[in-house]
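Close look at the chain arrangement
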Amino acid sequence: MRRHHLSELVLDALNSVTEDEEAVGFLLDAESSRRLLLLRAIRDAAADDTAADADDVRRAWQLLEAAERADPAGFRTVLLDPQVGVWSASLLRRLSRPDPAATAGEPPLRVELGFLGQLAAAVFIGAGVDFRARVPVRDGRVFLPGLGRATVGGDPWGTAEVWGHDGAVRVAAGDVTVTLPDAGENDVPGWEGQRRLRAEHAGMRLTVTLDDLGPYAPVPALAAPGRLSSAQFASWQHWFARMWPVLVNDHVVSARALTTGLRSVVPLPRGERLRARAASSSDAFGCLLLSEPDEDEDVLPAQLGVALVHEFRHTLLNGLIFLTPLFEECDELFYAPWRDDPRPLGGLVHGAYAFSGVAHYWRTRGAEGLAGFEHALWRSAVRGVLGTLREDPALTPLGHALVDSLDEQTTGWHAEPVGVREQRLAHLATVHHRATWRAHHLQVPAAHAKELAEAWSAGRRGHAVTRHPEPALRADPGACRLDTLALLARLSLVAPGEFDALRAAENPARKVPGVVPADLALVEGDATTAVKLYGEELSGPGARPAAWAGLGLALAECGERPAGNALTEHPELALAIGRALPAPPDPVLLAHWLAE
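No experiment lies behind these values; they were computed from the predicted model shown. (Residues numbered from 1 in each chain as written. Predicted model: local features only at pLDDT ≥ 70, side-chain atom pairs only at ≥ 80, totals over all residues. Heavy atoms only, no water.)

Let's shift gears to the overall build of the protein. Within the protein one finds 23 helices and 16 strands. The principal-axis extents of the C-alpha atoms in the protein amount to approximately 90 × 55 × 50 Å. Across the 596 residues of the protein, 54% fall into the buried class. Across the protein, the fraction of contacts at a sequence separation of at least 24, relative to all contacts at a separation of at least 6, is 69%. By element, 51% of the accessible surface of the protein is carried by carbon and sulfur atoms, the whole surface being about 25,600 Å². Charge separation in the protein, taken as the distance between the mean sites of 58 positive and 78 negative side-chain charges, equals 1 Å. (Helix = DSSP H or I, 4+ residues; strand = E, 2+ residues; numbered from the N terminus. Buried < 20%, exposed > 50% of the residue type's maximum accessible area, 1.4 Å probe, protein only. Contact = heavy atoms within 4.5 Å. Areas by Shrake-Rupley, 256 points an atom, 1.4 Å probe, with all protein chains shown as cover. Lys, Arg positive; Asp, Glu negative; His and termini not counted. Charge placed at Lys NZ, Arg CZ, Asp CG, Glu CD.)

Written as structure tokens, this is what we have:
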């Protein structure tokens, strides 16, 4: 472990819309030191805890020190395994509690502390030296980071012995002994090997762990489904092999950075059509959680590539934030064009950083088709968020430097042309998302809503109500799928036949959740039909808040721009008036009334 100095050169490389191999290497070095500090903090905290078996921790620590002496490079590799990061951070948080004893759903504390011995065993096995270690059993299994998992059964929280002698490695508990295969990735009775995804193109190789065995979920809400079948693993290998040439040929700087810093991928089940899930964790540097991609042959490689770049940039920013604060914590929440919910300042900074890279990625792939749409969509999103961040006093000087650098690099993009159709679709998706977000999360004061409703009912002109107090932010937990128009835009570009079939369907939401016929008409360009369908929905009970946003866009495309803008700029007003009236108002007339 050593002191790390964040130089201007590294900082400039990180404050960029691209990824830099040397900067990634610097962050990995810093992460290695951070992990060592976490291990030391765990040891010290355990020594002070009378509930922990201090002798077991001390023996495991001595074994870990011996493992580092036996193979320093192998020790660093195991130390940087994302599973080690999640385990160490979560355990230290647990040890910091007033009572770290196990609560519901937690394994015994001695099992978590005993993971130190599993780290040591993994290093010894990699080094090929003789050793012997006692390690805890977790739910009948022993996980060795970077290697695999042995099933020994017996006591779910018992103890096992791991030893290596003359090149043979065994795990034993009770009457069960598991012998590891020479090629650790292979499966044998009682042993599941940690498999790797491998891709090579033009002399550049990518090797990452497909982590379907690790006991620690980097993002608990997105727990992995468990061990993949051979066929499922083969599919992931196929997808990565197809994706890698796209990155190497067209995004070589990003490809080099990924070969340096990407450690593992946690596979998630395929989600809704064109709504892939992806995530990362600040505790698991170099680990990405990715759902199975949609198998649209023409665009799959590029879409998987941008998913890697997107989440990897979150990893890089987390590494930078561990070294230097970019913002101060505050309670204020903000609009983020990539989320359904209001986001804290840190989430806004993260999104601006990640999506500036996403916009750059698609910018290099052309101005038409999916690439043109995605670039237009995300350059607009980044510009809006950078504008929000630029003057925020909670940013530190380095935070402002990051925002200024991203702003400088992306400003020129907005004058670059994309296809007419692609720009229109991006505009619809951008405006619809923000307006729907406002309709869900901004609450008009009750007294003002009543005043507006009374003015409408009395037939007074809209401008008779001149006072419009700021609505209050009240997060709506029911807000979901605010990206409906963006999803439909993608579908129309990558699978036009599927889009046409969806439009012909009587109930398209059965195939694509959140979609109604009015949305399809709007995306198709049939604004007149969209106005009719949105109007019918809003004239009846149970109308979606998103319908006001859709109606506003449809009216604007029909040439009724002032009325349309009134709904897309302040849909919360129309929503509040409708809720304050005994019966739904005529939505088109209300839009014109608000435009006054």
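The structure having been displayed, the exposition proceeds.
Our next topic: the sheet that holds strand β5 (residues 168-173). The 4 strands are arranged β1-β4-β5-β6 in an open sheet whose pairing can be described as antiparallel. In this open sheet, the two strands that pair with only one neighbour each are β1 (131-136) and β6 (176-179). The mean inter-strand angle of the sheet, taken between neighbouring strand axes irrespective of direction, is 20°. Packed onto the sheet, helix α7 (residues 115-127) meets β1, β4 (159-165) and β5 and runs at close to 145° relative to β1. (Pairing = 2+ DSSP bridges. Axes fitted to C-alpha atoms, helices over the stretch in contact; angles between N-to-C directions.)

In this structure, alanine 202 is a non-glycine residue whose phi angle is positive, near 50°. One can find alanine 202 in the loop between β8 (196-201) and β9 (204-210). By relative accessible area, which is 70% here, alanine 202 ends up exposed. You will see that leucine 274, though not glycine, has its phi angle at about 60°, which is positive. Leucine 274 sits in the buried class, given a relative accessible area of 10%.

This paragraph deals with the pattern of salt bridges. Applying the stated criterion across every chain yields a total of 40 salt bridges. Residue arginine 270 is joined to glutamate 292 by a salt bridge in which the shortest nitrogen-to-oxygen separation is 3.8 Å. Residue arginine 270 is found in the loop between β10 (264-268) and β11 (278-280), and its partner glutamate 292 is found in the loop between β12 (287-291) and α10 (300-323); the two are separated by 22 residues along the sequence. Between arginine 438 and glutamate 572 there is a salt bridge, and its shortest N-O distance comes to 2.7 Å. With arginine 438 in helix α14 (residues 420-441) and glutamate 572 in helix α22 (residues 571-580), this pair connects stretches of sequence that are 134 residues apart. (Salt bridge = Lys/Arg side-chain N within 4 Å of Asp/Glu carboxyl O.)

Across the sheet, 5 strands lie side by side as β8-β9-β10-β12-β11; this open sheet has mixed pairing. Here the strands that pair on one side only, and so sit at the sheet edges, are β8 and β11. Going across the sheet, the axis of each strand differs from the next one's by a mean of 25°, ignoring polarity. Summarising the sheet, β9 and β10 pair through 2 bridges and their orientation is parallel. The partner of leucine 210 across the bridge, within β10, is valine 265. Against the sheet, helix α8 (residues 230-250) contacts β8, β9, β10 and β12, and its axis sits at roughly 35° relative to β8.

Helix length check: helix α13 (residues 397-410), at 14 residues, gives a terminal C-alpha distance of 20 Å against a target of 20 Å (1.5 Å per residue), a fit within 8%. When α13 is considered as a whole, its buried residues turn out to be Gly399, Leu402, Val403, Ser405, Leu406, Asp407 and Thr410. In this structure, the buried residues of α13 make contact with α10, α11 (345-363) and α12 (369-390). (Expected span 1.5 Å × (residues − 1).)

As a further point, take the packing of aromatic side chains. Overall, the coordinates contain 10 aromatic pairs when judged by the stated rule. The interplanar angle of 85° and the centroid separation of 5.7 Å between the aromatic rings of tryptophan 456 and tryptophan 593 together place this pair among those described as edge-to-face. Linking tryptophan 456 in helix α15 (residues 446-457) with tryptophan 593 in helix α23 (residues 587-595), this pair joins segments that are 137 residues apart in sequence. By relative accessible area, tryptophan 593 is classed as buried at 8%. Each member of the aromatic cluster is reached from another via a ring pair, and the members are Trp87, Phe115 and Tyr216. The residue whose ring lies beneath arginine 43 is tryptophan 61, and the NZ or CZ to ring-centre distance is 5.1 Å. It is arginine 313 that lies over the ring of tyrosine 353; its NZ or CZ is 4.1 Å from the centre. (Phe/Tyr/Trp six-rings, centres within 6.5 Å; stacked < 30°, edge-to-face > 60°. Lys NZ or Arg CZ within 6 Å of the ring centre and 35° of its normal.)

In this section: the pairing of β9. Counting buried residues along β9, 5 of its 7 residues qualify, which places the element largely inside the surrounding structure. In this antiparallel pair of consecutive strands, β8 and β9, the connection spans 2 residues, and alanine 202 shows a positive phi of 50°.

Attention shifts here to the pairing of β12. Of all the 5 residues making up β12, 5 are buried; the element is thus mostly covered by neighbouring parts of the structure. Residue alternation in β12 divides its side chains into two sets, Cys287, Leu289 and Ser291 and Leu288 and Leu290, and both sets are buried. By the bridge criterion, 5 bridges tie β10 to β12 in an arrangement that is parallel. In the sheet register, valine 266 faces β12, and the bridge partner there is leucine 289. Two strands pair when backbone bridges link them, and β11 and β12 are joined in this way by 3 bridges, in the antiparallel orientation. Within the sheet, the bridge partner assigned to alanine 279 lies in β12 and is leucine 289. Taken together, β11 and the strand that follows it, β12, pair antiparallel across an intervening segment of 6 residues, in which glycine 286 is found at a positive phi of about 85°.

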